[in-house]
Amino acid sequence: MEISQLLKGVLDLAVLAVLRDDDGYGYDVLRRLRVAGLEEVGDASVYGTLRRLYKAGLLTSYVVPSEEGPHRKYYSLNDRGRLRLAESARTWHSFASIMDSLVKERA
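All values derive from a computational prediction rather than experimental measurement. (Residues numbered from 1 in each chain as written. Predicted model: local features only at pLDDT ≥ 70, side-chain atom pairs only at ≥ 80, totals over all residues. Heavy atoms only, no water.)

**Quick word on the nonpolar core**
Okay, so step 1: V15, L19, V29, L33, L50 and L59 are the most contacted members of the largest nonpolar core, which has 20 residues in total.
Okay, so step 2: Of all the secondary structure elements, the ones that give two or more residues to this core are α1 (3-18), α2 (26-35), α3 (43-55) and β3 (72-77).
Okay, so step 3: Sorting elements by how many residues they give to this core places α1 first, with seven residues.
Okay, so step 4: With residues up to four places along the chain from it excluded, the contact list for L19 reads G24, V29, R32, L50, L59, Y75 and L77. (Core = buried A, V, L, I, M, F, W, Y, C linked by side-chain atoms within 4.5 Å. Buried < 20%, exposed > 50% of the residue type's maximum accessible area, 1.4 Å probe, protein only. Helix = DSSP H or I, 4+ residues; strand = E, 2+ residues; numbered from the N terminus. Contact = heavy atoms within 4.5 Å.)

**Considering the UniProt feature "domain: Transcription regulator PadR N-terminal" (unreviewed entry) in the protein**
Okay, so step 1: Under the UniProt annotation, "domain: Transcription regulator PadR N-terminal" (unreviewed entry) lies at residues 15-87.
Okay, so step 2: Along residues 15-87 the backbone is 49% helical and 19% strand, and the end-to-end C-alpha distance reaches 14 Å. (UniProt positions renumbered as here; feature names shortened; annotations may be inferred.)

**Focus on the packing of α2 against α3**
Okay, so step 1: Closest axis-to-axis distance for the α2/α3 pair is 10 Å, and the angle between their directions is 120 degrees. With respect to their mutual orientation, α2 and α3 come out oblique. Handedness of the α2/α3 crossing: right-handed. Of the residues in α3, those in contact with G26, Y27, V29, L30, L33 and R34 of α2 are D43, V46, Y47 and L50.
Okay, so step 2: When grouped by side-chain class, the residues that make up the contact of α2 with α3 number seven nonpolar, one polar and two charged. (Axes fitted to C-alpha atoms, helices over the stretch in contact; angles between N-to-C directions. Parallel < 35°, antiparallel > 145°, perpendicular 65-115°, else oblique. Left-handed = near helix turned anticlockwise from the far one by under 90°. Nonpolar A, V, L, I, M, F, W, Y, C, P; charged D, E, K, R; others polar.)

**Quick notes on the sheet that holds β3**
Okay, so step 1: With respect to topology, three strands assemble into an open sheet ordered β1-β3-β2, the strand pairing being antiparallel. With one partner strand each, in any of the chains shown, β1 (24-25) and β2 (59-64) form the two edges of the open sheet.
Okay, so step 2: Here β2 runs beside β3; their pairing, made up of six bridges, is antiparallel. Along β3, the bridge assignment pairs S61 with Y75.
Okay, so step 3: Of the strands in this sheet, β2 and β3 touch α3, which is tilted by about 120 degrees from β2. (Pairing = 2+ DSSP bridges.)

**A closer look at the packing of α1 against α2**
Okay, so step 1: The geometry of α1 relative to α2 is characterised by a closest axis approach of 10 Å and an angle of 105 degrees between their N-to-C directions. Between α1 and α2, the angle falls in the class roughly perpendicular. Contact with α1, carried on its side by L11, A14, V15 and V18, involves V29, R32 and L33 of α2 and no other residues of that element.
Okay, so step 2: Taken together, the residues that form the contact of α1 with α2 break down as six nonpolar, no polar and one charged.

**Here we look at the packing of aromatic side chains**
Okay, so step 1: Applying the stated criterion across every chain, the model contains four aromatic pairs.
Okay, so step 2: Taking the centre distance of 5.3 Å and the plane angle of 70 degrees together, the rings of Y25 and Y74 count as edge-to-face. Residue Y25 is found in strand β1, and its partner Y74 is found in strand β3; the two are separated by 49 residues along the sequence. The same class applies to Y25 and to Y74, which are both buried.
Okay, so step 3: On the basis of an interplanar angle of 10 degrees and a centroid distance of 5.6 Å, the ring pair of Y62 and Y74 is categorised as stacked. Separated by 12 residues along the polypeptide, Y62 in strand β2 and Y74 in strand β3 bring together distant segments of the chain.
Okay, so step 4: By way of ring pairs, the aromatic residues Y25, Y62 and Y74 are connected into one cluster.
Okay, so step 5: Its end group placed over the ring of Y25, R72 keeps NZ or CZ at 4.4 Å from the ring centre.
Okay, so step 6: Here the guanidinium or amino end of K73 rests over the ring plane of Y54, the centre of that ring lying 5.1 Å away. (Phe/Tyr/Trp six-rings, centres within 6.5 Å; stacked < 30°, edge-to-face > 60°. Lys NZ or Arg CZ within 6 Å of the ring centre and 35° of its normal.)

Here it is in structure tokens:
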């Protein structure tokens, strides 16, 4: 099974989850996802997801000047984003439980 195909269905949830406690800019979100174990997630996928979640009203953004290059656009979860995260997490747990029971080896 290809991880990239699985990522397409859960990237929104993963991005919302990494922004739950700390705001982040694009590369920071990408780095946190990779550190968490999603090494195969692509740069363009994360940046596109951030833009889409922002346009959907689930994130707010603000710009912070950087001494190391261009200004950084930070994203943070707003109330709608936190609600979506909670809903998506419930759906994920239910789905994962079903899949676990389907693929579990029988003794």
